[in-house]
Amino acid sequence: MVVVKVESLEKDYGTVKALRGISFSINEGEIFGLIGPNGAGKSTTLKILATLLTPTGGRAEVFGHDVVKDAPKVRELISYLPEEAGAYKNLTGMEYLEFMARLYSKSPEEALKMVDIGAKLSGLGERLHDKVSTYSKGMTRKLLLARALMVKPKLAILDEPASGLDIVNAYAIRKTIREFARNEGVTFLISSHNMLEVEFLCHRVALIDSGRIIDTGSPKELKERYGAENLEEVFMQAVGKGGDASG
Amino acid sequence: MGDFWIMAKKELKNLFRDKKLIFGLVVVPLILFPVMGRAISVGMEQAQGETRVAIVNFDSGQYGEVLIKTLRMSPNVTVDVVNASSLEEALQRAVAEKQNVLVVIPQDFSSRLEKNEKATVGIYGIFTTVGAGIKESISEGRINAVIEVLSQSIARIKVERLGAENPDAVLQPIATESRSVIKGRIVDVSPSVVSGVMASQSFSIPLIVFLMVMITAQMAAGAMASEKENKTLETLLTLPVPRTKIVGAKIFGTAVMGLVAAIAYMIGMNSYMGSFNFGSSGVTLADLGLKVTPYGMVLFVAAVFLTIVFSLSLAMLLAIFAEDVQSATTVVSAVIMPLAFPAFLLMYTDVSNMPAVFKYLMLATPFTHPIIDFRNLLMGNYLPVLLSVIYLGITAAGALYTTAWLFSTEKVLTAKISWGKRKRG
Ligand SMILES: Nc1ncnc2c1ncn2[C@@H]1O[C@H](COP(=O)(O)OP(=O)(O)O)[C@@H](O)[C@H]1O
Ligand SMILES: [Mg+2]
């Protein structure tokens, strides 16, 4: 089943063309990676899918629902972790999870279960009872990832989930995502500029540069196609060939 | 619990745990105002308590002694007679003894009185520190009052000696009896007392409305902008909750906080104002026949509520364009302060006294309406109040609708104007 379908998506910010017509699709249960350098258009794509921005051209669907026309329906199916995000500083980590769980759950029992899962996923232990304002960057990111996953969305959209974190925290975040995907069968759309991270996590990736998708495939396929040792080399070669290497 | 209440609860938790906010909105008015009032009234009481007067008597006749006796018999006045041979010496003594006032009875005091000439008494207020000078001025007032009484009785005796039958009528041939006409009814209270009572209400209502509007507007803008500043907005906007409920919950949360602040300010102001109630006439608005009926109260509450909804919506609308809390508060002050200023003007004047252009400008500003409405209600004019509530309803709905609409577009994320700081690419 197709979870995400993106067709000739375009987005202009005033005169800046952030997306110049990209197309890709994601199947159920996949961890799909959107990889490319800073400014390539990854966040823009994810924000459109998360119903935050309206595309200038083309269309995007989540489980067959148009992200513009059926935005409320899409919001019920997804969970979005922004690239730069915070939590409410005056709440404790636990209160933040409770607040979010209540909005997604249909009963108090269900909310309790979600909070339970969230508390475990965050790995914050007793610190969950401290105010968010006392958290480090890594702790906040773990809390936010936990809140995004605990609701068991049909599609999780994570924008650079581990960027800007130290190795230990980044590793913990990647591990959480991989285990959660394996155990829960949630579909993921992840963006990253870290090629190694993507290789570790993703079943399939799309290489994006300057608002265009250059190539798509599993890390293995791509490496074979370009005769490269890792995705970093794949990307450099793909960009060097001007974007029509696959054609 | 519905989504709205979950959101509203979060807003309230976030606001009520903000120590800075609680301090400024609740602690300051509840503690600072009464303390300020107390401090001023303590000064007043001290000044009022006792007037110590130093007197130097250079008079060769007996009237100087009469004056001293009269002063001694007057309530709240303690008289210290200074023995001195010259004015300079007397002043030096008075300063040394830390007196507030020196009264000088001249040498020709009695002889002039006897010759039916005008006699003069010198009063010197002695300022040793740069204070409010309340003591000195009250002392002067008391001495003048005593001298006035003495002067009257001496005049009375003189007029009697001249053979007048009714000396009081000769001395004060015209008397006044003042009453006031309020709402077409004669009230046996002098206009100055009525105006005093009205002044206190015309001062406090605009002040409270002005404070309420400014405070809640700042809070609303802050609540919206802090979502951007703390990077919680993007997550918030992808939650499965209608945007109208998100905006509604924010307005609700701020309004509740505003209500708490308003109550704190009213209690604080009340005890601040209450400290000055010495010698008040004890006349209330109700005594003057100026009562607000339950129907009037409902209209007034509706007017205040709608004004606050307008102000909150406008503040949030402005905050949508601001990048951080600082920019939001700056722009809200810059826009709402001038809009709320006319309300402030109403402390000193009334719309009916203004030229037509000003009058309509004032009436176009929603913030003046609660004040004008309250005055109209006191005077029993219900129609203008009803019209005003309708006008406020339209402006509030317009502002609310515009904000909710902007909030449901991507402008809420892409509009990035920063005030007071340079924008960084
Ligand atoms: N709000 C915005 N206003 C104007 N230009 C923007 C805005 N957001 C992103 N851009 C531009 O759009 C392009 C794509 O940005 P983005 O999607 O954030 O890239 P990525 O996430 O891949 O780093 C960049 O050139 C960026 O400068
Ligand atoms: Mg990005």
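None of the values given here were measured: they were computed from a predicted structure. (Residues numbered from 1 in each chain as written. Chains lettered and ligands numbered in written order. Predicted model: local features only at pLDDT ≥ 70, side-chain atom pairs only at ≥ 80, totals over all residues. Heavy atoms only, no water.)

**Examining the overall build of chain A**
Helix and strand content of chain A: nine helices and ten strands. Relative to the compact-globule value of 18 Å for 247 residues, chain A shows a C-alpha radius of gyration of 18 Å, a close match. By principal-axis analysis of the C-alpha atoms, chain A measures approximately 55 × 40 × 35 Å. The buried share of chain A, taken over its 247 residues, is 55%. Of the contacts made within chain A by residues no fewer than 6 positions apart, 66% connect residues no fewer than 24 positions apart. Summed over its atoms, the accessible surface of chain A is roughly 10,700 Å², and 49% of this surface lies on carbon and sulfur atoms. Charge-centre separation for chain A: the mean point of 33 positive side chains lies 2 Å from the mean point of 33 negative side chains. (Helix = DSSP H or I, 4+ residues; strand = E, 2+ residues; numbered from the N terminus. Rg over C-alpha atoms; globule rule 2.2 N^0.38 Å. Buried < 20%, exposed > 50% of the residue type's maximum accessible area, 1.4 Å probe, protein only. Contact = heavy atoms within 4.5 Å. Areas by Shrake-Rupley, 256 points an atom, 1.4 Å probe, with all protein chains shown as cover. Lys, Arg positive; Asp, Glu negative; His and termini not counted. Charge placed at Lys NZ, Arg CZ, Asp CG, Glu CD.)

**Details of the domain arrangement of chain B**
Domains assigned within chain B are domain 1 (50-164) and domain 2 (184-414). Look at where the C-alpha atoms of domain 1 of chain B and domain 2 of chain B centre, and you get two points 53 Å apart. (Domains from an automatic or database assignment.)

**Side note on the nonpolar core**
By size, the foremost hydrophobic cluster in this structure holds 159 residues, and its most contacted members are A:F24, A:L49, A:L143, A:F188, B:M7, B:I336 and B:F407. The element contributing the most residues to this core is helix 11 (residues 294-320) of chain B, with 15 residues. When neighbours within four sequence positions are excluded, B:I336 is seen to be in contact with B:V213, B:M214, B:A217, B:S311, B:L314, B:A315 and B:F367. Residues B:I55, B:Y63, B:L113 and B:I143 belong to the second largest nonpolar core, which totals 18 residues. (Core = buried A, V, L, I, M, F, W, Y, C linked by side-chain atoms within 4.5 Å.)

**With respect to unusual backbone geometry**
Positive phi values are uncommon outside glycine, yet A:F63 reaches one of about 50°. When you line up the elements, A:F63 lands in the loop between strand 4 (57-62) and strand 5 (65-66). The phi torsion at B:N116 lies on the positive side, around 55°, for a residue other than glycine. Looking at where B:N116 falls in the secondary structure, it is placed in the loop between helix 5 (109-114) and strand 4 (122-125).

**Focus on the confidence of the model for chain B**
Residues and elements named next belong to chain B. For chain B, per-residue confidence averages 82 on the pLDDT scale, and residues scoring 70 or more make up 90% of the total. Here helix 2 (residues 19-49) stands out as the least confident element of chain B, with mean pLDDT 73; helix 9 (residues 233-237) is the most confident, with 94. Within the model, pLDDT remains below 50 along residues 420-425, and this stretch shows four contacts once partners closer than five positions in the same chain are excluded. Complex prediction metrics read pTM 0.77 and ipTM 0.92. (pLDDT = per-residue confidence, 0-100.)

**Concerning the sheet that holds strand 3 (residues 101-105) of chain B**
All names here are of chain B. In spatial order, the strands read 2-1-3-4; together these four strands make up an open sheet with mixed pairing. The two strands at the open ends of the sheet, each matched to only one other strand, are strand 2 (77-81) and strand 4. For this sheet the average axis-to-axis angle between neighbouring strands, irrespective of direction, equals 25°. Judged from the five bridges that link them, strand 1 (residues 51-57) and strand 2 form a sheet pairing that is parallel. Looking at strand 2, one finds that A54 is bridged to D80. Its contacts with the sheet place helix 4 (residues 87-96) against strand 1, strand 3 and strand 4, and it is angled at close to 155° to strand 3. (Pairing = 2+ DSSP bridges. Axes fitted to C-alpha atoms, helices over the stretch in contact; angles between N-to-C directions.)

**Brief notes about the pairing of strand 3 of chain B**
Residues in a regular strand project their side chains so that they alternate between the two faces of the sheet. Residue and element names in this part refer to chain B. Taken across its five residues, strand 3 has five buried, putting it largely inside the fold. Here strand 1 pairs with strand 3 via five bridges, running parallel. By the bridge assignment, N57 is partnered in strand 3 with I105. One ladder, built from four bridges, connects strand 3 with strand 4; its direction is antiparallel. Bridge pairing links V101 to G125 in strand 4.

**Structural notes on the site of ligand 1**
Residue and element names in this part refer to chain A. Around ligand 1 sit Y13, A18, P37, N38, G39, A40, G41, K42, S43 and T44, and that is every residue in its neighbourhood. Taking S43, its side chain carries an N or O atom lying 2.7 Å from an oxygen atom of ligand 1. One of the side-chain nitrogen or oxygen atoms of T44 is found 2.5 Å away from an oxygen atom of ligand 1. Protein contacts shield 65% of the accessible area of ligand 1, which totals 560 Å² for the unbound molecule. When residues in the shell around ligand 1 are grouped by element, the largest group, three residues, is from helix 1 (residues 42-49). (Near = heavy atom within 4 Å. Polar contact = N/O pair within 3.5 Å; in protein donor to acceptor, adjacent residues only side chain to side chain.)

**With respect to the interface of chain A and chain B**
Accessible area lost upon the coming together of the parts is a frequently used measure of interface size. Each partner contributes to the interface: chain A provides 30 residues, whereas chain B provides 26 residues. Summed over both partners, the interface of chain A with chain B buries about 2,600 Å², with 58% contributed by carbon and sulfur atoms. Counting the contacts that link chain A with chain B gives five salt bridges. In this structure, A:K11 engages B:E410 in a salt bridge whose closest nitrogen and oxygen atoms are separated by 2.8 Å. Among the elements that make up the side of chain A that touches chain B, the one with the highest residue count is helix 3 (residues 93-104) of chain A (seven residues). (Buried area = accessible area lost by both parts, 1.4 Å probe. Salt bridge = Lys/Arg side-chain N within 4 Å of Asp/Glu carboxyl O.)

**What to know about the side chain of B:T307**
Tracing the chain through its elements places B:T307 in helix 11. If near-sequence neighbours (up to four positions away) are discounted, B:T307 is found in contact with B:V213, B:P366, B:F367, B:P370 and B:L392.

**Examining the packing of aromatic side chains**
One pass over the full model with this rule turns up ten aromatic pairs over all chains. Each ring, one from B:F4 and one from B:W5, has its centre 5.2 Å from the other, and the planes form 90°; the classification is edge-to-face. Among the aromatic residues, ring-to-ring pairing joins A:Y88, A:Y96 and A:F99 into one connected group. The ring centre of A:Y13 lies 5.9 Å from the NZ or CZ of A:K11, which sits over that ring. If you follow A:R178 out to its NZ or CZ, it ends over the ring of A:F200, 4.0 Å from the centre. (Phe/Tyr/Trp six-rings, centres within 6.5 Å; stacked < 30°, edge-to-face > 60°. Lys NZ or Arg CZ within 6 Å of the ring centre and 35° of its normal.)

**Some thoughts on the pairing of strand 1 of chain B**
Burial runs high along strand 1 of chain B: five of the seven residues are buried. Following the chain from strand 1 of chain B across helix 3 (residues 63-73) of chain B to the adjacent parallel strand 2 of chain B, one finds a crossover that is right-handed. (Right-handed = clockwise from strand over helix to strand, strands pointing away.)

**Examining the side chain of B:S311**
If you trace the backbone, B:S311 turns up in helix 11. Ignoring sequence-local partners within four residues, the contact set of B:S311 consists of B:V213, B:T216, B:A217, B:I336 and B:F367.

**Observations concerning a nonpolar patch on the surface**
Residues and elements named next belong to chain B. Taken together, the side chains of L30, I31, V35, L259, I263 and I267 present a nonpolar region at the surface, about 550 Å² in accessible area. Listed by contribution, the elements that provide at least two residues to the nonpolar patch are helix 2 and helix 10 (243-274). Along the chain, I263 turns up in helix 10. When its relative accessible area of 47% is taken as the criterion, I263 is described as partly exposed. (Patch = residues over 30% accessible without salt bridge, like charges linked within 9 Å, V, L, I, M, F, W, Y side chains within 5 Å.)

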